[in-house]
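Read off the chains here:
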Amino acid sequence: MVNNELLLSQASLLQRGLADLEIQDEELARILDGEVRRQHRTLSLVASCCAVTPRTLVASASTLVNVTAEGVPGRRYHAGCENVDLVESLAIRRAQKLFGAQYAGVQSHSASSANYQVLSALLEPGDTLLGMTLDHGGHLTHGSPVTFSGTYYRAIGYGTTPEGLIDYDEVRRLASAHRPRIIICGATAYSRLVDFEQFRKIADETGAILLADISHIAGLVATGRHPSPINAAHVTTTCTHKQLAGPRGGLIMSGRDANEKVPGLKTTFARTLEQAVFPRMQGAPAVNIIAAKATAFGYAMSPEFDAYMERIRITADAIASEFQKHNYEVIGGRTENHTVLIRLHDSITGSIAESALEACGIIVNKNRVPGETRSSFVTSGLRIGTGSLAQRQIDQPGCVRIVDLVCRILDAVTPFDEHEFVLEPAIREVFRSEAEALCAMYPLVNYMER
């Protein structure tokens, strides 16, 4: 007789699931295994992702996915949430400790969702927001005209100086002239430190609420390698996957302002932000993902993670320096986080560079740059991030080889127009072999067998 108690564990379910997948859905199993191999054999220089830890991967596959749990711990609209409450409370406590926040909401499905939840709670239709423009490093949710944030609200954009630095004088001038309800700081393609205290000073001078989006620098903030906005901004948002090595999800936090009343409202920031997620903008949370967030927050408080963030910074400095040696302009002159934004030479567009490098086993993002004249589907720059490279523990010689390989690939491309190009197959295969050799030399640590 089978002892059912021995089967009632997360491990047994995962083992059974893996076996069933391989037997009963071979097609999908092949695709998933192929993705693991792709990630092993390609060099990811993408700024917006890294590899999760195996324990985070397991947590995201937990049976919590079976539970509907609208509401918050202790105040659910459904029964059967005793373990859900424990998991979410754990994730909240860890997020608060990690970032020094008084309030943390862990239910947002993404950072974009988190930003929209905050905006919807604090703005009325047609209210003014001030955010960084896309061309200068801002994010779509910060007021781009092609998104909800730029069409539902009156969005004003600020940019950078000719040196690629945030123009705080322009921010102050625009805030004084337009009196936005919200100022958004933080970026998706900006390589220098963000002065959150300066932003708060401008917000206080002009009667604005300050929202800081730290999606691209959350790990550096958590480990003290970038100034924290938690007590400078009224509200801080981030995703949990870019630097925190967690699942794709969002996080909303507030520091010293958490228990203050929102200007013009009767509720505190903490209560307003809680209600902004549910019931205002989102239904039941993905509790399995909240469990994965909890593992990521725990990992982010470890010495291992601190060393990882140190490698991110060292690698970013090395990559930026090498591109400058190859006569590429690094926007902002250098990097102070994990991002290196380069302006491509005139004949090569971002679209061509991205496609050509991918064909050779190197993954990057095309990106707009200051003074951009091409569309977002073409662009004149590349955004490079060092999160995955740091997980591979790339050293200085490795950085030299990677940048040299990228530059040789781009030099070998013959462009026809903004998208079409020729890269001789034989040359492409040589480059691809070099990229795979680098991957073998610097394996992806999070997926290695112990």
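These numbers were taken from a predicted model, which means no experiment stands behind them.

Now for the overall build of the protein. Within the protein, the secondary structure is distributed over 17 helices and 17 strands. C-alpha extents for the protein along the principal axes are approximately 75 × 65 × 35 Å. Expressed as a percentage of its 450 residues, the buried residues of the protein come to 54%. Long-range pairs, those at least 24 residues apart, make up 72% of the contacts in the protein between residues at least 6 apart in sequence. As presented, the protein carries roughly 19700 Å² of accessible surface, and 53% of it is formed by carbon and sulfur atoms.

Looking at the assigned domains, one finds that the protein contains domain 1 (64-301) and domain 2 (303-447). Taken over C-alpha atoms, the centre of domain 1 sits 29 Å from the centre of domain 2. The contact between domain 1 and domain 2 buries some 2300 Å² in all, and 51% of this surface belongs to carbon and sulfur atoms. Per-residue buried area on domain 1 facing domain 2 is highest for D135, S191 and Y299; these three make up 28% of the total on that side. Joining domain 1 to domain 2, the criterion identifies three salt bridges. A salt bridge links D135 to R368, with the nearest nitrogen and oxygen atoms 2.2 Å apart. Joining domain 1 to domain 2, the criterion identifies 12 residue pairs in polar contact (both at pLDDT 80 or more). Those elements that place two or more of their residues in the side of domain 1 that touches domain 2 are α10 (218-222) and α12 (287-300). Per-class residue counts for the side of domain 1 that touches domain 2 are 12 nonpolar, nine polar and four charged.

Among the surface-exposed residues, L28, I31 and L32 lie close enough to one another that they form a single nonpolar patch of about 260 Å² accessible area. For L32, the position within the fold is in helix α3 (residues 26-41). A relative accessible area of 42% places L32 in the partly exposed class.

This next bit is on the pattern of salt bridges. Scanning all chains against the criterion turns up 22 salt bridges. With a shortest N-O distance of 3.0 Å, R172 and E205 are connected by a salt bridge. Linking R172 in helix α8 (residues 168-178) with E205 in helix α9 (residues 196-206), this pair joins segments that are 33 residues apart in sequence. Residue classification places E205 among the partly exposed positions, given a relative accessible area of 39%. Among the ionic pairs, E434 bridges to R408, the shortest N-O distance being 2.5 Å. With E434 in helix α17 (residues 425-441) and R408 in helix α16 (residues 396-412), this residue pair connects regions lying 26 residues apart in the sequence. The exposure class of E434 is partly exposed, given its relative accessible area of 26%.

On to the sheet that holds strand β5 (residues 128-132). An order of β4-β10-β9-β8-β7-β5-β6 is seen for the seven strands of this open sheet, with the pairing classed as mixed. Two strands bound the open sheet, and with one partner strand each, they are β4 (103-105) and β6 (154-158). Each strand of the sheet is rotated relative to its neighbour by a mean of 20°, with strand direction disregarded. Relative to strand β7 (residues 182-185), β5 is paired through two bridges, and the arrangement is parallel. Among the inter-strand pairings, L129 is bridged to a residue of β7, identified as I182. Where α8 meets the sheet, its contacts fall on β5, β6 and β7, and the angle it forms with β6 comes to roughly 155°.

Turning our eyes to something else, we now look at the UniProt feature "domain: Serine hydroxymethyltransferase-like" (unreviewed entry) in the protein. UniProt tags residues 22-404 as "domain: Serine hydroxymethyltransferase-like" (unreviewed entry). Regarding residues 22-404, the helix share stands at 42% and the strand share at 14%, and the terminal C-alpha atoms are separated by 40 Å.

It is worth spelling out α12 at this point. Here α12 is 14 residues long and its end C-alpha atoms lie 20 Å apart, about the 20 Å a rise of 1.5 Å per residue gives. Burial of α12 is extensive: 12 of the 14 residues sit out of reach of the surface. Within α12, burial applies to V287, N288, I290, A291, A292, K293, A294, T295, A296, F297, Y299 and A300.

Conventions and cut-offs
- Residues numbered from 1 in each chain as written.
- Predicted model: local features only at pLDDT ≥ 70, side-chain atom pairs only at ≥ 80, totals over all residues.
- Heavy atoms only, no water.
- Helix = DSSP H or I, 4+ residues; strand = E, 2+ residues; numbered from the N terminus.
- Buried < 20%, exposed > 50% of the residue type's maximum accessible area, 1.4 Å probe, protein only.
- Contact = heavy atoms within 4.5 Å.
- Areas by Shrake-Rupley, 256 points an atom, 1.4 Å probe, with all protein chains shown as cover.
- Domains from an automatic or database assignment.
- Buried area = accessible area lost by both parts, 1.4 Å probe.
- Salt bridge = Lys/Arg side-chain N within 4 Å of Asp/Glu carboxyl O.
- Polar contact = N/O pair within 3.5 Å; in protein donor to acceptor, adjacent residues only side chain to side chain.
- Nonpolar A, V, L, I, M, F, W, Y, C, P; charged D, E, K, R; others polar.
- Patch = residues over 30% accessible without salt bridge, like charges linked within 9 Å, V, L, I, M, F, W, Y side chains within 5 Å.
- Pairing = 2+ DSSP bridges.
- Axes fitted to C-alpha atoms, helices over the stretch in contact; angles between N-to-C directions.
- UniProt positions renumbered as here; feature names shortened; annotations may be inferred.
- Expected span 1.5 Å × (residues − 1).

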